[in-house]
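Each chain is listed here by its residues.
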Amino acid sequence: MSSKRNAVAVTILGKEYRIGCEPEDEEALLKAARFLDASMKEIRGTGKVIGTDRIAVMAALNIAHELLAREHNADTAASTANKRIRALRERIEVALNDSAQLEL
């Protein structure tokens, strides 16, 4: 089963790019392009970074940093949840063992 790729036009910092993507991914591509455009405009607006290439690299670094920070936070939260689950499981096992001994 093959699907036809669409050429989707996105505008980033006033320049149009045509990107090929699957029809079901078009909305996600447009959303990503809007996010990147906003990030690059924010960086350009500071006046500290000059040049489209440098702005793009700074935006990419900022986005990558945010992604990695979120992944780290998710890993930390999962680790904390797993520790709590293990502690609760141990308490349940102790309670079950205590009640089994009382029945004897």
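Only a predicted model underlies this, so the values are computations on that prediction, with no experimental measurement involved.

Q: How should the nonpolar core be read in this particular structure?
A: Generally speaking, a soluble globular protein has its nonpolar side chains buried in company with each other. Within the largest apolar cluster, eleven residues are counted, these being Val8, Val10, Ile12, Leu13, Cys21, Ala33, Met40, Ile43, Val49, Ile55 and Ala59. Contributions of two or more residues to this core are made by strand S1 (6-12), helix H1 (26-46) and helix H2 (52-103).

Q: Got a minute to help me understand the confidence of the model for the chain in this structure?
A: Detailed reading of the predicted coordinates is not advisable wherever pLDDT is low. On average, residues of the chain score 90 in pLDDT, and 94% of them reach the 70 mark or higher. When mean pLDDT is taken per element in the chain, H1 scores highest with 96 and H2 scores lowest with 88.

Q: Got a minute to help me understand H1 in this structure?
A: Since the α-helix packs 3.6 residues into each turn, any two residues three or four apart lie on the same face. Its 21 residues give H1 an end-to-end C-alpha distance of 31 Å, which sits within 8% of 30 Å, the value for a rise of 1.5 Å per residue. By the burial criterion, the buried members of H1 are Ala33, Asp37, Ser39, Met40 and Ile43. All buried residues of H1 project into a common sector of 170 degrees when viewed along the axis, lining one side. Residues Glu27, Lys31, Glu42 and Gly45 are exposed on H1 and point more than 90 degrees away from its buried face. Following H1 by one or two positions, Gly47 adopts a phi angle in the positive range, close to 75 degrees.

Rules of the game
- Residues numbered from 1 in each chain as written.
- Predicted model: local features only at pLDDT ≥ 70, side-chain atom pairs only at ≥ 80, totals over all residues.
- Heavy atoms only, no water.
- Core = buried A, V, L, I, M, F, W, Y, C linked by side-chain atoms within 4.5 Å.
- Buried < 20%, exposed > 50% of the residue type's maximum accessible area, 1.4 Å probe, protein only.
- Helix = DSSP H or I, 4+ residues; strand = E, 2+ residues; numbered from the N terminus.
- pLDDT = per-residue confidence, 0-100.
- Expected span 1.5 Å × (residues − 1).
- Arc of directions from axis to C-beta.

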